[in-house]
Structures are given as structure tokens and as C-alpha cells.
Amino acid sequence: MTINRRHFLQGAGGAALAGTLPRLTFAQNGPGFNDEILIYVFLRGGIDGLSLYAPGSGHPDRGFYENLRPSLSVRLPVSGANAMLPLADGFGINRAATGLRDLWLEGDLAIVHATGLPIVNRSHFEAERFIELGTPGATAGLTTPGEIPGTRLTPTGWLTRHLNTATNLPPAITLPAVVTESTMSFSLSGSGAAVALRTPSQFDFNESDSALEEAMETTIKEIYQLDATQVGIAGEQAMVAQEAVETTFAGLSNFDYNQNLVPAARYPTFTNNEGNLQLFSIADKLLTLSRLIKADIGLRIAQVDVNGWDDHTDQGSLPAGVNGSTGNFYNRLDAVSRSVRAFWNDMRGLADNPADFTPKITVVFHSEFGRRAFSNNDNGTDHGSGNPMMLLGGNVNGGQFHGTWPGLAPNQLFQNADVATTNDFRRVLSEVLIRRLGNNRLGLIFPFYYNYEPLGAVNGPDLPPDYGPDDELTRDSFES
């Protein structure tokens, strides 16, 4: 069963930017629909990019890196059992990221140097909102009279505005957008199309009487269908999504489903405090997305959160016990790396479905900001600015870096402390939107961002950026 997508997205769009978005129009029939899937992985807490990858032996910044990071539990070594794995251009990646490095070597993973906000903000709360809402303020050099400063009060997120402005999607989609969390993300706020889905088995009424449960679901859906307000539209979509999820995940939990996969596509597990095996949180979330993608119920947008990267003390970029490391960062990165590697094998058709989904999937790894270039006295790192973004996909120009590396010399650091930002994060996301998702409505998705130029990080046709209509975007429309 499907819900008319125009109906619920027009309803959601009514709240977008306080009603300033145009009404949606969709091609009703024929070719031309975009079936790309964007997975937005948010690394919350500000991941330390210089513990993910760093200048290696022979790189001109290696000496600066070592001087900035005397803490041996934070610094990535160039030799020994825990030496970085070589990438390109003199850089190496943390050995915990072996799975990611394999994807790099296979040409599916790329790294964009030194991305960030156009106006540095080291507050988790503010930086996350600016990024997820897509409204961080004016770019460098923009002098439009009356320009709007960065705001975190707009009622819609950038992914919602993408869905609201896309003209190349089918008129009916069962489950277009999912957040694998217990609450909705800010990037999809204001969307009647998105569903928060942390535990699929609990996305139900859980009535013991199946006949009663089915009757309840039918009745509630009919009630929502009679309500033309935002509540009714969102409620109807939730009921449609519930039915699709119930069918997709019937019979097996993610853990049991995982055990039936071939080893190459089996998601990593760990032993919990009770002595039982369970999936890592990131593995569980990616496995949920895998099952939704293979069910072919229309998934186009997904967000996955990975928490815990705010490493002010005992960061532990190396394995536990090495140079006094706690292994905190290392273990987190290892879980992400192995989970992503398994997900990609799964999507390549190495599991229970022979189809290769990777050509139409783009995964973006993003964090609200980086860390200071130097380690602190507590064997950790404090809030910084410039930070890498990673891109994974069958149409990613992988195995290479994109963007400009700013350098680590004292005169190259931002405020003598941070990796400088050389790429606005919106530049990366705009390229994915245009080249992969076929949406060039940058003026509405990222208001007051006028400086887009492709980096060449992903393949796809270029569309001329549509920056208008600026006259419809007023301060009131953001702050209402």
C-alpha cells in the first residue's frame, strides 16, 4: 500500500520556511524518476579528523603534526604494529579503519579535506543545528544587503527541503525517508514523509490478538485520512510506514537475520555485559537500512547517527594499552569501519540478494566540527573547526582526496589552533544533490549559499544551480 506522495509532501512543504516554498509538481508517469539513495551518517560530538587520518612519513606536515600532538595515545604512528595504513598524497589512515581503507583501495571511498561551517562555531548545539538545518549563514564574500545571518530556528531541515523541491520522484512512495533513531533528526524536521525507526520490531502496536491489531491499524489510518492538517498527513504516512516495516521485518530480528548472511556480509557483533552477543549500534542501524533497501519500498533518504566523538579526555586513538591509550576512539572507529564494510558487501549482492545496489547509493559521513590540531593535557582534544567528510558510493570518485589540504604549519592553522576550513560543507552536499539526486534547487535547500562549484567527488550530470527565489526568503520566514 502507498500514500500519495504529493499529498503528504505538499502538506509538509506548507510549513517549510513558513510557507514560502512553491507547490510541488511531480511527473505522474513515464521515465525520468530518480531512484538514488542518500544515506547521511552523522558522527555526533565532533570526530577528531587528525585521529582518523594524518600526514605520514615524508609528508611536509608530519613534523608539525608530531609537535602538535605529543600525546602518544592521540598521535597516529608511522611505524610499528599500529602504524597508519597508507592512503595517498603522503597521508595514512588509522589502522582501526581497515574496512574503510579497503573501500578506498577498491575506489568506492573518498575523503574531502577540511570541510566545515562558513562561520566557525564550536558549540555542539549550534553547529549541529546550523548543519542539519542547512542555514549556517552567509558564505565568505557575500555582501548582499540585508543578508540573513546563520539561524537554527527554521522549521525545516535541508533534507526535508530537498524532498519538498525534488521534481524527479514518483508521485507515490511508501517509505521515502527514515531516521534510524528514536526521534526525528533536525535535517528531516518538518517532513511528513520521514519516519523515526530505531527498532523495527517495536514499530507496531504489539497486540497479542492479531485480528484486533489489524482492525486498530485500519481504523486509525482511516481517521488520519479524514484529517487534512499536518497531524493527519503525518499520521497517515506513519501508518503506511508501519505496515511496510511490519511486512519487511516479519519473522526475524536483525540479529537473527544477520546470522543467516554469508560471512563477508555479516555485520559485526560484540559480547555485552551479560555475556551475550549483540550487534554494534551502527551495525544494527545499517542492517535495518539494508533490509529496507532490499525490500524495494521506496527508500530515498536515510540518516544514521553515531554518537560519542566528544573526546576531551582519554581519547585513545590507538588500541587500549598502547602508549597508555584507553582505546575509546579506536574501538568506536573500528566498529564503524567493520559495520560499513559489511553493509557495502551486503549492498554489493554478497548476501541474500544477488542485486548490486551500490551504483545508486551514496553515503556521506559528516560531523559538526573537527578538533583542535593539538592534543590537550588530558590526552584528548578540544573543539575545533575544519574536518574531513567521507563519501562512499558506487558513483563516488574514490581512492583519492578532494578539496584543499590547508596545512599544519603555525601560520596555516585557524586562530593558531584548528585545521582551517577550506571547503564549505554545503559544497559537498550540493554536489551530491545535483549530480546524484538530480536536484539543483540550492537556493531553497541551502538559502543564501551562492558559491557552489563541484569538487568532482561524485559522478553525474551537472545542472546549473538554481539559487532563487531570494525575495521569498525573509528573516521572518526563518525565525517563525
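As the structure is a prediction and not an experimental result, all values here were calculated from the model.

I tried to follow helix H11 (residues 328-350) on my own but got confused; where do I start?
Helical geometry note: an α-helix holds 3.6 residues per turn, so side chains three or four residues apart project in the same direction. Taking 1.5 Å per residue, 23 residues should reach 33 Å; H11 reaches 31 Å between its end C-alpha atoms and fits that length. Along H11, 17 of the 23 residues are buried, which leaves the element largely enclosed by surrounding structure.

It is not clear to me how unusual backbone geometry should be interpreted in this structure. Could you clarify?
Negative phi characterises most residues that are not glycine, and trans characterises most peptide bonds. With phi around 50°, Asp314 is a residue other than glycine that occupies positive phi space. By the element assignment, Asp314 lies in the loop between strand S10 (301-306) and H11. Given a relative accessible area of 39%, Asp314 falls into the partly exposed group. For Phe448, which is not glycine, the phi torsion reads 70° and is therefore positive. Here Phe448 is to be found in the loop between helix H13 (442-445) and helix H14 (475-479).

How should the side chain of Thr248 be read in this particular structure?
As for its placement among the helices and strands, Thr248 is situated in helix H8 (residues 230-248). A distance of 2.8 Å separates a polar side-chain atom of Thr248 from the backbone oxygen of Ala244. The contacts of Thr248, once residues within four sequence positions are left out, are Arg291, Leu292, Ala295 and Ile297.

Just to check I follow, could you spell out the sheet that holds strand S4 (residues 91-93) for this structure?
Sheet strands line up and pair through hydrogen bonds in the backbone, either parallel or antiparallel. Here 3 strands make up an open sheet; going across it, the order is S2-S4-S3 and the pairing antiparallel. In the strand order of this sheet, the two ends are held by strand S2 (53-55) and strand S3 (85-86), each with one partner. Bridge count for S2 against S4 is 3 bridges, and the pairing is antiparallel. Within S4, the residue paired with Pro55 across the bridge is Phe91.

Honestly, the side chain of Ser73 in this entry has me stumped. Any pointers?
Tracing the backbone shows Ser73 in the loop between helix H3 (62-68) and S3. Owing to a relative accessible area of 5%, Ser73 belongs among the buried residues under this scheme.

When you look at the packing of aromatic side chains in this model, what are you seeing that I'm missing?
Ring pairs (aromatic) are described by centroid distance and by the angle formed between their planes. Tallying each qualifying case throughout the model produces 15 aromatic pairs. Ring centres of Tyr53 and Trp405 lie 6.4 Å apart, and the angle between their planes is 55°; on these two criteria the pair is classed as tilted. One end of the pair, Tyr53, is in strand S2; the other, Trp405, is in the loop between strand S13 (401-402) and strand S14 (423-424), and 352 residues separate them in sequence. With respect to burial, Tyr53 and Trp405 carry one shared label: buried. Here Phe448 and Tyr450 contribute two aromatic rings whose centre-to-centre distance is 6.3 Å and whose plane-to-plane angle is 65°, an arrangement assigned as edge-to-face. What makes Phe448 buried here is its relative accessible area of 8%. Judged by relative accessible area, which is 21%, Tyr450 ranks as partly exposed. Among the aromatic residues, ring-to-ring pairing joins Tyr40, Phe42, Trp158, Phe425 and Phe446 into one connected group. When the ring centre of Phe42 is taken as origin, the NZ or CZ atom of Arg44, which lies over that ring, is 4.4 Å away.

Conventions and cut-offs
Residues numbered from 1 in each chain as written. Predicted model: local features only at pLDDT ≥ 70, side-chain atom pairs only at ≥ 80, totals over all residues. Heavy atoms only, no water. Helix = DSSP H or I, 4+ residues; strand = E, 2+ residues; numbered from the N terminus. Expected span 1.5 Å × (residues − 1). Buried < 20%, exposed > 50% of the residue type's maximum accessible area, 1.4 Å probe, protein only. Polar contact = N/O pair within 3.5 Å; in protein donor to acceptor, adjacent residues only side chain to side chain. Contact = heavy atoms within 4.5 Å. Pairing = 2+ DSSP bridges. Phe/Tyr/Trp six-rings, centres within 6.5 Å; stacked < 30°, edge-to-face > 60°. Lys NZ or Arg CZ within 6 Å of the ring centre and 35° of its normal.

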